[in-house]
Amino acid sequence: MRIASLYRLLTATVFGAATVMTAQAAEPLKIGLVLPMSGQFATYGKEISNGIKLYLAKNGDTVAGRKVELIIKDDAPGTAGDVSKRLAQELLVKDKVDILAGFALTPSAAAVAPLATEAKKPMVIMNAATSALTTRSPNIVRTSFTLPQNTAPIAIWAAKNGIRKAYTVVVDYSPGHDSEAQFTKTFTAGGGEVIGGVRVPIKTTDFSPYLEKIKEAKPDAVFIFVPAGELAVSFMKGFQERGLGKVGIKIIGPGDLTDEESLDAIGDAAVGIINSFHYAPGHKSPENKAFTEAYSKAYPGDRVNFMAVGGYDGMHLISEVLKKTGGNTDPDKFVEAARGMKWVSPRGPVFIDPATRDIVQTIYIRKVEKVNGKLQNVEFDQIAEFKDPGK
Ligand code: PHB
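Just so it is clear, the structure is predicted and the values come from calculations on it, not from any experiment. (Residues numbered from 1 in each chain as written. Predicted model: local features only at pLDDT ≥ 70, side-chain atom pairs only at ≥ 80, totals over all residues. Heavy atoms only, no water.)

K.L.:
Whenever I open this one, the overall build of the protein chain confuses me. Can you help?
P.N.:
Counting secondary structure elements, the protein chain contains twelve helices and 15 strands. Taking 2.2 N^0.38 as the reference for a compact globule, 391 residues should give roughly 21 Å; the C-alpha atoms of the protein chain span a radius of gyration of 23 Å, in line with that estimate. In the protein chain, which comprises 391 residues, the proportion classed as buried is 55%. Here the analysis covers contacts within the protein chain between residues at least 6 apart in sequence; of these, 68% occur between residues at least 24 apart. On the protein chain, roughly 16300 Å² of surface is accessible, and the fraction owed to carbon and sulfur atoms is 56%. Distance between charge centroids for the protein chain: 3 Å, based on 47 positive and 42 negative side chains. (Helix = DSSP H or I, 4+ residues; strand = E, 2+ residues; numbered from the N terminus. Rg over C-alpha atoms; globule rule 2.2 N^0.38 Å. Buried < 20%, exposed > 50% of the residue type's maximum accessible area, 1.4 Å probe, protein only. Contact = heavy atoms within 4.5 Å. Areas by Shrake-Rupley, 256 points an atom, 1.4 Å probe, with all protein chains shown as cover. Lys, Arg positive; Asp, Glu negative; His and termini not counted. Charge placed at Lys NZ, Arg CZ, Asp CG, Glu CD.)

If you want it as structure tokens, here you go:
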């Protein structure tokens, strides 16, 4: 009798433990990534997914007992909301993902936000940087930056450093409108004057007509926001060819223009450009040294940049949040655990603003310089714990 009950107890315990173990082992953590992996913005998808994969390679690919499974959908061009939306729907319905993440460009994140709310899934934005995006769903947390956050510091710097008249050039979509509005507000408040401005299409390949007009307007500086990459290279090429630098016109803006990925293509014309941004690969800290070394080892030949950090920190956030929730991805629990979360990123100390679910971070003022024969953004000033001023 006693032996029989002991046997029952033992089998029940072993069976119970086995069920728990199988349940944990059998349920992977599915993260659906919506990213442009081809087309004009293919480098964005590559860099963000590289950052995520590097985090998993360094820290292990099991989070709160669940093995991480990444499912990437190429939403090229990244600017067509209907494409991003359809792919996110597929991730939710067919792949049954637990979390939506990635989102390189604003139109992609904006189109998917209502789906995250409807499907009750957390959504982690790893680049798209229009300020209002986090208000589009209560389930959004962002680990990148916002355009107003990266624009206000350069506007303050410009007004304090002898730039009186500026001309604005922005790409005609919401991040461009955000940066134009913030620059105008902060620069004007600092005593500067915006003497003209233009919004250019995202498909612009030749900036010459705009640059001719700017040259005639004779500003002290051109304030420019373009999404990182090809547009930056085209703008700089036109600026050189039209001789704006020769007549003393300076270039200022958020650091998307002088992203390390495009610096080599821009060449020496970039030397001396002052800009503000949240991440530089040359940032001096032990965390960044470890990150950049690991990145170069994992992806030889690729220059690490802010998109890679957005992905790396996004995966860090997911991982730390799930440790707190015990692997539960319910969006209310997820967002609650993310609010106020602090860590030391390769970019410096950061935390998630409990009120807005956006990242609070140091914004650095940098100058492009040639260091050991390589063009780099060199940080020389900073504003610590800078919140998005756009909301
Ligand atoms: C955006 O679409 O939100 C975006 C894309 C590229 C950038 C910055 C913002 O460099």
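Back to the write-up after that little detour.
K.L.:
For this particular structure, what's the right way to read empty space enclosed by the protein?
P.N.:
Where empty space is left can be seen by rolling a probe of water-molecule size over the atoms. According to the stated counting rule, one finds one cavity of 30 Å³ or more in the structure shown. If you add up the space inside the largest cavity, you get close to 100 Å³. Taken together, the residues of the lining of the largest cavity break down into 14 nonpolar, two polar and one charged. Each of two domains, domain 1 (25-145 + 284-357) and domain 2 (148-277 + 364-386), supplies a minimum of three residues to the lining of the largest cavity. (1 Å grid on protein atoms, 1.4 Å probe; cavity = no way out; pocket = protein on both sides within 12 Å on 5 of 7 lines; lining within 4 Å. Points joined across faces, edges and corners; volume = space filled by probe spheres on them. Nonpolar A, V, L, I, M, F, W, Y, C, P; charged D, E, K, R; others polar. Domains from an automatic or database assignment.)

K.L.:
Quick question: what am I supposed to make of the site of the ligand here?
P.N.:
Neighbouring residues of the ligand: 15 residues in total, closest Thr106, Ala129, Tyr173, Ala228 and Asp256. The contact in question runs from an oxygen atom of the ligand to an N or O atom on the side chain of tyrosine 173, over 2.7 Å. Within the side chain of aspartate 256, an N or O atom sits 2.6 Å from an oxygen atom of the ligand. Contact with the protein chains removes 100% of the 280 Å² of surface that the ligand exposes when unbound. The site holding the ligand turns out to be the largest cavity. The class makeup of the residues in the shell around the ligand is twelve nonpolar, two polar and one charged. When residues of the shell around the ligand are sorted by domain, at least three fall in each of domain 1 (25-145 + 284-357) and domain 2 (148-277 + 364-386). (Near = heavy atom within 4 Å. Polar contact = N/O pair within 3.5 Å; in protein donor to acceptor, adjacent residues only side chain to side chain. Sits in = over half its atoms within 2 Å of the grid points.)

K.L.:
Hey, could you run me through the confidence of the model for the protein chain in this one?
P.N.:
Close inspection of predicted coordinates is inappropriate in any region flagged by low pLDDT. Of the residues in the protein chain, 93% reach a pLDDT of 70 or more, and the chain-wide mean stands at 94. Within the model, the stretch residues 1-24 combines pLDDT values under 50 with two contacts to residues more than four positions away or in other chains. (pLDDT = per-residue confidence, 0-100.)

K.L.:
How do you make sense of the packing of helix H3 (residues 81-93) against helix H4 (residues 106-118) when you look at a structure like this?
P.N.:
The axes of two packed helices give the description: the angle between them and the distance between them. Remark: H3 packs on H4, axes separated minimally by 8 Å, with the N-to-C direction vectors making an angle of 40°. Classed by the angle they form, the pair H3 and H4 counts as oblique. By crossing handedness, the relation of H3 to H4 is classed as right-handed. Here Gly81, Ser84, Lys85, Ala88, Gln89 and Leu92 of H3 come into contact with H4, specifically with Pro107, Ser108, Ala111, Val112 and Leu115. Considering only residue class, the contact of H3 with H4 consists of six nonpolar, four polar and one charged. (Axes fitted to C-alpha atoms, helices over the stretch in contact; angles between N-to-C directions. Parallel < 35°, antiparallel > 145°, perpendicular 65-115°, else oblique. Left-handed = near helix turned anticlockwise from the far one by under 90°.)

K.L.:
What am I meant to see in the sheet that holds strand S2 (residues 62-63) here?
P.N.:
Across a sheet, paired strands are connected by hydrogen bonds in the backbone, their directions being either parallel or antiparallel. One open sheet holds the six strands; their spatial order is S2-S3-S1-S4-S5-S6, and the pairing between them is mixed. Looking at the sheet topology across the chains shown, the edges are occupied by S2 and strand S6 (140-142). By the bridge criterion, two bridges tie S2 to strand S3 (residues 66-74) in an arrangement that is antiparallel. Looking at S3, one finds that threonine 62 is bridged to lysine 67. (Pairing = 2+ DSSP bridges.)

K.L.:
Help me understand the pairing of S3, please; the structure alone is not making it clear to me.
P.N.:
Residues in a regular strand project their side chains so that they alternate between the two faces of the sheet. Note: strand S1 (residues 29-35) against S3, seven bridges, orientation parallel. The residue of S3 that forms the bridge with valine 34 is lysine 73. As consecutive antiparallel partners, S2 and S3 are separated by two residues, and within that stretch alanine 64 has a phi angle of approximately 50°, a positive value.

K.L.:
Please clarify how the nonpolar core should be interpreted in this entry.
P.N.:
Note on soluble globular proteins: their nonpolar side chains tend to be buried together. Counting residues in each nonpolar core, the largest one holds 94 residues, and the members touching the most others are Phe235, Leu317 and Ile318. Broken down by element, this core gets its largest block of residues, ten residues, from helix H11 (residues 306-325). For this core, the two domains that each supply at least three residues are domain 1 (25-145 + 284-357) and domain 2 (148-277 + 364-386). Among the nonpolar cores identified, the runner-up in size contains 18 residues, and Phe103, Ala116, Ile125 and Ala128 belong to it. (Core = buried A, V, L, I, M, F, W, Y, C linked by side-chain atoms within 4.5 Å.)

K.L.:
Can you walk me through the pattern of salt bridges in this structure?
P.N.:
Pairs can form between side chains of opposite charge whenever their charged atoms are close. Under the criterion given, the structure shown has 19 salt bridges. Ionic pairing is found between lysine 370 and aspartate 268, a salt bridge with its closest N-O pair at 2.9 Å. Of this pair, lysine 370 sits in strand S14 (residues 359-371) while aspartate 268 sits in the loop between helix H9 (260-266) and strand S11 (274-277), placing them 102 residues apart in sequence. Using a relative accessible area of 46% as the deciding quantity, one classes lysine 370 as partly exposed. With a shortest N-O distance of 3.4 Å, arginine 339 and glutamate 336 are connected by a salt bridge. What makes arginine 339 partly exposed here is its relative accessible area of 30%. A residue is classified by how much of its surface remains accessible, and glutamate 336, at 52% relative accessible area, is exposed. (Salt bridge = Lys/Arg side-chain N within 4 Å of Asp/Glu carboxyl O.)

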